[in-house]
Amino acid sequence: MDIDVVALFPDAVRAFCEVGVLGRAQERGIVRLRYWDVRAFADDARQTVDDRPYGGGPGMVLMAEPLARALTAAKEGRGAVRTIYLSPSGRRLDEAGVRELMGAGSLVLVAGRYEGIDERVLEAGDEEWSIGDYVLSGGEVAAGVVIDALVRQLPGALGHEDSAREDSFAHGLLDHPHYTRPEEWRGREVPPVLLSGDHGRIRRWRLKAALGRTWLRRPDLLAGRSLTSEEQGLLEEFQQEYRGQGHE
Ligand code: 9D3
């Protein structure tokens, strides 16, 4: 997969993408990233990329011309490109959206700054995506989030092939809790079932814990998902124990 990042601070995105899973995915050739600095496409000696909004109001707007030139450079020689503007007004990213973007052979991610970009740069078919309902200082962090969520799902990006499939949002549940050595830490024990070696019991304990956490913390996820009869039974056990412990 090819991903081009168009930004005012491309180095911030690059630094993030060089480490960990993303860094390794690039070394393995699973994803090819390129970075385009909008300021390098300014047409005046001062390298101006922002100007005041028509109609007045606070802040500045990212000018159309430097951004359009950067986009032309990013798309040159590419076939079908999906162009995504990161914007607080966009479609909110979720795991289904991540999987949808994985289908694109070539992506251009545009990270804005200031109050936004000159609307005229948007072409038919271009998309606007947000990463959630909170205000960031610019689109670079959002571009990093999109790239990270996407690349870790690409085949071969993770060492252990099953990890992406087992990721919590991949089954629509939150993750179960995790423990490692020592067996007792500051007086707190690891749940004994995890030391039992009984893989059937361990699987059921983890599924029950995942269902219980999702019920407590993210009931919206359960509402959007049907439960198998095993899951329904485990969730009911969790709810009975939870109420038995004096909650609600
Ligand atoms: C009151 C107007 N503000 C919109 C909420 C202006 C504004 C704030 C912050 C315009 C742009 C930005 C910068 N944000 C992004 O570029 C951005 C973003 C975000 O702020 N939240 C969630 N997802 C994204 S994707 C890009």
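Note that this is a predicted model, so its numbers are computed, not measured.

**Quick notes on helix 4 (residues 95–102)**
Turning to step 1, where the next piece is worked out: Buried within helix 4 we find Gly-97, Val-98 and Leu-101. Along helix 4, the residues classed as buried sweep out an arc of 105 degrees about the axis, all on the same side.

**Here we look at the packing of helix 8 (residues 199–217) against helix 10 (residues 229–244)**
Any two packed helices are characterised by the angle at which their axes cross and by the distance between the axes.
Turning to step 1, where the next piece is worked out: Between helix 8 and helix 10, whose axes approach to 9 Å, the crossing angle comes to 65 degrees. When the axes of helix 8 and helix 10 are compared, the pair comes out roughly perpendicular. For the pair helix 8 and helix 10, the sense of crossing is right-handed. Across the interface between the two elements, Arg-203, Arg-204, Leu-207, Lys-208, Leu-211, Gly-212, Arg-213, Trp-215 and Leu-216 from helix 8 touch Glu-230, Glu-231, Leu-234, Leu-235, Glu-237, Phe-238, Gln-239, Glu-241, Tyr-242 and Arg-243 from helix 10.
Turning to step 2, where the next piece is worked out: Split into classes, the residues belonging to the contact of helix 8 with helix 10 amount to eight nonpolar, two polar and nine charged.

**Things to note about the packing of aromatic side chains**
Turning to step 1, where the next piece is worked out: For the structure on display, the rule yields four aromatic pairs.
Turning to step 2, where the next piece is worked out: Here Trp-215 and Phe-238 contribute two aromatic rings whose centre-to-centre distance is 6.1 Å and whose plane-to-plane angle is 80 degrees, an arrangement assigned as edge-to-face. Linking Trp-215 in helix 8 with Phe-238 in helix 10, this pair joins segments that are 23 residues apart in sequence.
Turning to step 3, where the next piece is worked out: Here Phe-238 falls in the buried class, since its relative accessible area comes to 18%.
Turning to step 4, where the next piece is worked out: Here the aromatic rings of Phe-238 and Tyr-242 are separated by 6.1 Å at their centres, their planes lie at 15 degrees, and the arrangement is stacked.

**Notes on the site of the ligand**
Turning to step 1, where the next piece is worked out: The immediate surroundings of the ligand are formed by 15 residues, with Ile-131, Gly-132, Tyr-134, Leu-136 and Gly-139 found nearest.
Turning to step 2, where the next piece is worked out: Within the contact set of the ligand, a nitrogen atom lies 2.7 Å away from a backbone nitrogen or oxygen of Tyr-134.
Turning to step 3, where the next piece is worked out: Leu-136 places a main-chain nitrogen or oxygen 2.8 Å from an oxygen atom of the ligand.
Turning to step 4, where the next piece is worked out: Burial of the ligand by the surrounding chains reaches 73%, relative to a free accessible area of 570 Å².
Turning to step 5, where the next piece is worked out: The set of elements that each furnish at least two residues to the shell around the ligand consists of strand 5 (82–92) and strand 7 (127–130).
Turning to step 6, where the next piece is worked out: Ranked by residue count, the leading element in the shell around the ligand is strand 5, at three residues.
Turning to step 7, where the next piece is worked out: Each residue belonging to the shell around the ligand can be placed in one class, and the counts come to nine nonpolar, five polar and one charged.

**Some thoughts on helix 8**
Turning to step 1, where the next piece is worked out: The first and last C-alpha atoms of helix 8 sit 27 Å apart over 19 residues, in line with the 27 Å expected at 1.5 Å per residue.
Turning to step 2, where the next piece is worked out: Buried within helix 8 we find Ile-202, Leu-207, Lys-208, Ala-209, Ala-210, Leu-211, Gly-212 and Thr-214.

**Considerations on the sheet that holds strand 7**
Turning to step 1, where the next piece is worked out: The strand order across the open sheet formed by five strands is 2-1-6-5-7, and the pairing between neighbours is parallel. Two strands bound the open sheet, and with one partner strand each, they are strand 2 (32–37) and strand 7. Neighbour-to-neighbour, the strand axes of the sheet open up by a mean angle of 30 degrees, direction not taken into account.
Turning to step 2, where the next piece is worked out: Pairing geometry for strand 1 (residues 2–7) and strand 6 (residues 106–111), over five bridges, is parallel.

**Regarding the environment of Ala-223**
Turning to step 1, where the next piece is worked out: Note that Ala-223 resides in helix 9 (residues 219–223).
Turning to step 2, where the next piece is worked out: For the pair formed by Ala-223 and Ala-12, sequence separation is 211 residues and the distance between their alpha carbons is 38 Å.

**Side note on the side chain of Asp-4**
Turning to step 1, where the next piece is worked out: Its location among the elements puts Asp-4 in strand 1.
Turning to step 2, where the next piece is worked out: On the basis of relative accessibility, which here comes to 0%, the residue Asp-4 falls in the buried class.
Turning to step 3, where the next piece is worked out: Separated by 2.7 Å, the side chains of Asp-4 and Trp-36 make a polar contact.
Turning to step 4, where the next piece is worked out: Within the structure, the side chain of Asp-4 is placed 2.6 Å from the side chain of Arg-78, a separation counted as a polar contact.
Turning to step 5, where the next piece is worked out: Residue contacts for Asp-4: discarding those within four places in its chain leaves Arg-34, Trp-36, Ala-74, Arg-78, Leu-107, Val-108 and Leu-109.

**Focus: the domain arrangement of the protein**
Turning to step 1, where the next piece is worked out: You can read the domains of the protein as domain 1 (2–151) and domain 2 (184–244).
Turning to step 2, where the next piece is worked out: In this structure, domain 1 and domain 2 have C-alpha centres spaced 40 Å apart.

**Details of the packing of helix 1 (residues 10–17) against helix 5 (residues 140–151)**
Turning to step 1, where the next piece is worked out: Look at helix 1 against helix 5: their axes get within 9 Å of each other, and the N-to-C directions meet at 30 degrees. With respect to helix 5, the element helix 1 is oriented roughly parallel. Here helix 1 and helix 5 pass one another in a crossing that is right-handed. Across the interface between the two elements, Val-13, Phe-16 and Cys-17 from helix 1 touch Glu-140, Gly-144, Ile-147 and Asp-148 from helix 5.
Turning to step 2, where the next piece is worked out: Across the contact of helix 1 with helix 5, the residue classes tally to four nonpolar, one polar and two charged.

Cut-off values and rules
- Residues numbered from 1 in each chain as written.
- Predicted model: local features only at pLDDT ≥ 70, side-chain atom pairs only at ≥ 80, totals over all residues.
- Heavy atoms only, no water.
- Buried < 20%, exposed > 50% of the residue type's maximum accessible area, 1.4 Å probe, protein only.
- Helix = DSSP H or I, 4+ residues; strand = E, 2+ residues; numbered from the N terminus.
- Arc of directions from axis to C-beta.
- Axes fitted to C-alpha atoms, helices over the stretch in contact; angles between N-to-C directions.
- Parallel < 35°, antiparallel > 145°, perpendicular 65-115°, else oblique.
- Left-handed = near helix turned anticlockwise from the far one by under 90°.
- Contact = heavy atoms within 4.5 Å.
- Nonpolar A, V, L, I, M, F, W, Y, C, P; charged D, E, K, R; others polar.
- Phe/Tyr/Trp six-rings, centres within 6.5 Å; stacked < 30°, edge-to-face > 60°.
- Near = heavy atom within 4 Å.
- Polar contact = N/O pair within 3.5 Å; in protein donor to acceptor, adjacent residues only side chain to side chain.
- Areas by Shrake-Rupley, 256 points an atom, 1.4 Å probe, with all protein chains shown as cover.
- Expected span 1.5 Å × (residues − 1).
- Pairing = 2+ DSSP bridges.
- Domains from an automatic or database assignment.

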